[in-house]
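# Observations on the model geometry
Spelled out from the first residue to the last, the chains are:
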Amino acid sequence: MKKVLTLLIAVLLVFSFAACGSSSKFDNGYYNYATNQFAEEPETYYSEEAFDSATGESTSLAETQLPGGRKLIRRFELDVETLEFDAFVSSVKQKVAEYGGYIESSSVSGNSYNYSYGMRDASFVCRVPSEKLDAFVNTVGGLGNVTYCYEDSEDVTLNYVDVEARVASLQTEYDRLLELLAEAENIDSIIILEQRLSEVRYQLESYKSQLRTYDNLIDYSTVNLTVREVKRITEAESESVWERISNDFGDNVYDIWIGLQDFFVWFVGNIPYFIIWAVIIVIIVLIVKLFLRKNPRYRAKKAYRKAEKERRKAEKLARKNGEAPPAEAPKDEENK
C-alpha cells in the first residue's frame, strides 16, 4: 500500500512540476482546465466562440463561461466649468453617495492669498456602479458646463476567463494535494507535498487577487472629474461668422475689463508697500544730501553755480536796459 501511494504521489508531482516548468505553454493557455490536460491545439482555448453540442449552435466564450456576459472596464473623464464652485462640489459628493458609489480621491486648489484671480479648481476620482454610470455622468454634466468629455471601455473578458480557469485548476490541484497529504505516511512525501502545497497556495492567492481587482474595476466604473470655477461660462462656438466676431469682441472687452479690475485691486492692495518704499527712498535722498553738504568741493561747486546763475540773470537784465553786461565770475581750479 505504501509503495502504491508513493508511486501515485511521484506521478502527480512529476506532472505538476512539468506543468509549472513549461511556463510558455501554461501562460499561453495551452492547458485545458476542463479536462485537466494539455490541449493539442492552443487556439481552442482562446477561441471567441464555443460549440454547443446540445443545440448545435456556437456561442461566445463569455456567454458560455460567464453568467454576466462581457467583462468591461469603463472609464470617464469630465472637465466642467461652474459659477457656483462650493455648491457644485457639494452636489457631486451628494450624487456619488446617492448612486451608491464612493470618492476614491479628491483635491481642491486655489482660494489662497497669492493664487491668480482667486479662482479655484477641484479634481475627483469617483467610483460609481457600472449600471448607474451613464445616469451619473448625465447628472453631473447638468450641474455645470461640460468643456471636455472622454469615455474609454476595456474588454477584459478573455483575461477574466483565463484567470478564473487558472483559479479553478489550482484549487482542484490544491484539494488533491490535501487528500494525498492526509494519506501520506512517508516523511519525504509529506515534505514534498507540503512544499508543493505552499507553491500552489501562493499562486492561488495571486490569481484570486487579480480576480478581486477585476471585479472592483468592472463593478465600479471610474470617473475622473475636474471642476473649474469661472466668472463667465464658455459659450458654444456659433456657426455664423458675425456671431463669432461679436463673441470674440465681447470676450476681449470682458478680459480687458477684468484686467483693469485686477490692476486696480493690485494697486490699492499694494499701497502699503508703496508707502514703505517711498519713505525709504526719501530717507536715502536726505542722507545723500546731508553728506554732500558737508563736502567742501560740493559746496564750492554749488556756490559757483549760484553765482553764475545770478550773473546770467543780471546780464539778461542789462541787455534789456542797454547797459554793459557784468563781468564773469572767476573760476577756480575746482570748478573747471
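Everything that follows concerns the structure shown earlier in this document.
Heads up: these notes are all about the structure in this document.

Basis of the calculations
Residues numbered from 1 in each chain as written. Predicted model: local features only at pLDDT ≥ 70, side-chain atom pairs only at ≥ 80, totals over all residues. Heavy atoms only, no water. Helix = DSSP H or I, 4+ residues; strand = E, 2+ residues; numbered from the N terminus. Buried < 20%, exposed > 50% of the residue type's maximum accessible area, 1.4 Å probe, protein only. Polar contact = N/O pair within 3.5 Å; in protein donor to acceptor, adjacent residues only side chain to side chain. Pairing = 2+ DSSP bridges. Axes fitted to C-alpha atoms, helices over the stretch in contact; angles between N-to-C directions. Contact = heavy atoms within 4.5 Å. Phe/Tyr/Trp six-rings, centres within 6.5 Å; stacked < 30°, edge-to-face > 60°. Lys NZ or Arg CZ within 6 Å of the ring centre and 35° of its normal. Core = buried A, V, L, I, M, F, W, Y, C linked by side-chain atoms within 4.5 Å. Parallel < 35°, antiparallel > 145°, perpendicular 65-115°, else oblique. Left-handed = near helix turned anticlockwise from the far one by under 90°. Nonpolar A, V, L, I, M, F, W, Y, C, P; charged D, E, K, R; others polar.

Here the focus is the side chain of T157. Looking at where T157 falls in the secondary structure, it is placed in helix α7 (residues 157-183). On the basis of relative accessibility, which here comes to 1%, the residue T157 falls in the buried class. At 2.9 Å, the side chain of T157 forms a polar contact with the backbone nitrogen of K71.

Turning our attention to the pairing of strand β5 (residues 72-82). With eight of eleven residues buried, β5 lies mostly within the body of the structure. Alignment of β5 against strand β8 (residues 145-155), held across ten bridges, turns out to be antiparallel. Of the residues in β8, the one forming a bridge with R75 is D152. By the bridge criterion, eight bridges tie β5 to strand β9 (residues 220-229) in an arrangement that is parallel. By the bridge assignment for β9, L78 is matched with L225.

Spatially, five strands are ordered β6-β7-β9-β5-β8 in an open sheet, and the strand pairing comes out mixed. Of all the strands in the sheet, the pair left with one neighbour each is β6 (102-110) and β8. Across the sheet, the mean angle from the axis of one strand to that of its neighbour is 10 degrees, orientation sign disregarded. Packed onto the sheet, helix α5 (residues 85-98) meets β5, β6, β7 (120-129) and β9 and runs at close to 10 degrees relative to β7.

Overall, the coordinates contain seven aromatic pairs when judged by the stated rule. Taking 6.4 Å as the distance between ring centres and 25 degrees as the angle between the ring planes, the aromatic pair formed by F263 and F267 counts as stacked. You can see F263 and its partner F267 sitting in helix α9 (residues 241-269), four residues apart, about one turn around the helix. Exposure remark for F263: the relative accessible area of 52% places this residue in the exposed category. By relative accessible area, F267 is classed as partly exposed at 38%. Relative to F274, the ring of F267 lies with its centre 5.3 Å away and its plane at 45 degrees, an arrangement referred to as tilted. The partly exposed category is assigned to F274, whose relative accessible area is 34%. Joined through ring pairs, the aromatic side chains of F263, W266, F267 and F274 make up one cluster. A cation over a ring is seen here: K71 above Y160, with NZ or CZ 4.9 Å from the ring centre.

This part is about the nonpolar core. Judged by nonpolar contacts, the single largest core of 20 residues is most densely connected at F88, F124, C126, F136 and L225. At the level of elements, β5, α5, β7, α6 (133-143) and β9 are the ones that each hand at least two residues to this core. For this core, the element with the highest residue contribution is α5, accounting for five residues. Not counting residues within four places of it along the chain, the set of residues in contact with F88 comprises V80, T82, V140, L143, G144, L225 and V227. Ranked by size, the runner-up nonpolar core spans 18 residues in total, among them L170, L180, A184 and L197.

The next thing to look at is the packing of α5 against α6. At their nearest, the axes of α5 and α6 sit 10 Å apart, and the two run at 165 degrees to each other. If you check the angle between α5 and α6, you find them roughly antiparallel. For the crossing formed where α5 meets α6, the hand is right-handed. Listed contacts from α6 to F88, S91, K95 and V96 of α5 are F136, T139, V140 and L143. Looking at the contact of α5 with α6 residue by residue, the class counts come to five nonpolar, two polar and one charged.

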